[in-house]
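Commentary on secondary and tertiary structure
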Amino acid sequence: MSRIGRMPIDVPAGVEVTIGEGNHVTVKGPKGTLEQDLAPAMHIKKEGAQLIVERPNDLKENRSLHGLTRTLLHNMVVGVTDGFTKELDVNGVGYRVAMEGGKLVMNLGFSHQVTMEAPADIKLETPNPNKIVVSGADKQRVGQFAAEIREKRPPEPYKGKGIKYVDEVIRRKEGKTGVKKK
């Protein structure tokens with residue numbers, strides 16, 4: 001039995017979960033509403049203030065979908081209650097970020113400014129000129145947008161310049177040794 005799949009999901013007060021036909025799940029909470037079509041083979045039950053995911057049999061496909069379905073459902077519940085955040089650091093001389101009229105404007109050492117507009121369900125903040133905070137209810141969309149920001153100038157291994165996640169460790173390389181050719 002899947003250790004993750006068999007754990008029940010606690011639904012906090014103020015969160016409404018609706019399980020529709022074909023496992024179309026809608027979760028409403030204080031941070032918004034999330035909808036997703038989950039694996040139709042899985043049995044999702046609401047018992048009191050808990051959600052339980054069960055699989056019909058022990059086929060390999062159903063075993064692999066069991067934990068995935070439970071995790072996706074849990075992320076939806078956490079997203080509408082607490083939300084998800086990703087923090088990015090901007091390192092480099094002259095590299096800075098700012099919010100201008102709802103758009104993220106980044107100076108990243110190019111001859112032009114890089115401008116990005118966040119989707120409607122994603123919230124961007126720049127608490128200081130070298131930090132970006134991406135937050136929202138949908139874990140996948142928050143992670144995807146943070147990855148798109150990071151992609152504009154990924155960190156390089158020699159000086160560590162670029163945009164990186166706060167918890168990311170950059171493997172540094174040594175520069176040239178200075179051996180002269182004859």
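Placed above this text is the structure.
Quick notes on the rules
- Residues numbered from 1 in each chain as written.
- Predicted model: local features only at pLDDT ≥ 70, side-chain atom pairs only at ≥ 80, totals over all residues.
- Heavy atoms only, no water.
- Pairing = 2+ DSSP bridges.
- Helix = DSSP H or I, 4+ residues; strand = E, 2+ residues; numbered from the N terminus.
- Axes fitted to C-alpha atoms, helices over the stretch in contact; angles between N-to-C directions.
- Expected span 1.5 Å × (residues − 1).
- Contact = heavy atoms within 4.5 Å.
- Polar contact = N/O pair within 3.5 Å; in protein donor to acceptor, adjacent residues only side chain to side chain.
- Salt bridge = Lys/Arg side-chain N within 4 Å of Asp/Glu carboxyl O.
- Buried < 20%, exposed > 50% of the residue type's maximum accessible area, 1.4 Å probe, protein only.
- Core = buried A, V, L, I, M, F, W, Y, C linked by side-chain atoms within 4.5 Å.

This part covers the sheet that holds strand β3 (residues 24–29). With respect to topology, 3 strands assemble into an open sheet ordered β2-β3-β4, the strand pairing being antiparallel. Sheet topology places β2 (16–19) and β4 (32–37) at the edges, where each strand pairs with a single neighbour. Each strand of the sheet is rotated relative to its neighbour by a mean of 10°, with strand direction disregarded. Sheet analysis places β3 next to β4, joined by 6 bridges and oriented antiparallel. Bridged to Val 27 within β4 is Leu 34.

Before going further, it helps to spend a moment on helix α2 (residues 139–151). In this model α2 runs 18 Å from its N-terminal to its C-terminal C-alpha over 13 residues, within 8% of the 18 Å that 1.5 Å per residue would give. Summarising the contacts, the buried residues of α2 are in contact with β7 (84–91), β9 (103–107), β10 (114–117), β11 (122–125), β12 (131–136) and β13 (162–165). The N-cap residue of α2 is Asp 138: its side-chain oxygen and the backbone nitrogen of Gln 140 are 3.2 Å apart.

Turning our attention to the pattern of salt bridges. Think of it this way: side chains of opposite charge can pair up when their charged atoms draw near. Inspection of every chain in the model, using the stated rule, returns 7 salt bridges. As a salt-bridge pair, Arg 150 and Glu 168 come within 2.7 Å of each other at their nearest N and O atoms. Within this pair, whereas Arg 150 is found in helix α2, its partner Glu 168 is found in the segment after β13, the two being separated by 18 residues in sequence. Classification of Arg 150 as partly exposed rests on a relative accessible area of 22%. Among the charged side chains, a network of salt bridges with common partners joins Glu 87, Asp 89 and Lys 131.

Looking now at the nonpolar core. In terms of nonpolar packing, the biggest core is built from 19 residues, with Leu 88, Met 106, Ile 132, Val 134 and Ile 149 touching the most fellow members. In this structure, Ile 132 is in contact with Lys 86, Glu 87, Leu 88, Val 90, Val 97, Leu 104, Met 106, Leu 124, Glu 125 and Ile 149, ignoring residues within four places of it in sequence. In terms of nonpolar packing, the next biggest core, distinct from the first, is built from 18 residues, Val 17, Val 27, Leu 34 and Met 76 among them.

Here we take up the pairing of β12. Across the 6 residues that make up β12, a large majority, 5, are buried. Pairing analysis gives 6 bridges linking β7 to β12, with the strands arranged antiparallel. Of the residues in β12, the one forming a bridge with Asp 89 is Lys 131. Bridging between β11 and β12 involves 4 bridges; their strand directions are antiparallel. In the sheet register, Leu 124 faces β12, and the bridge partner there is Val 134.

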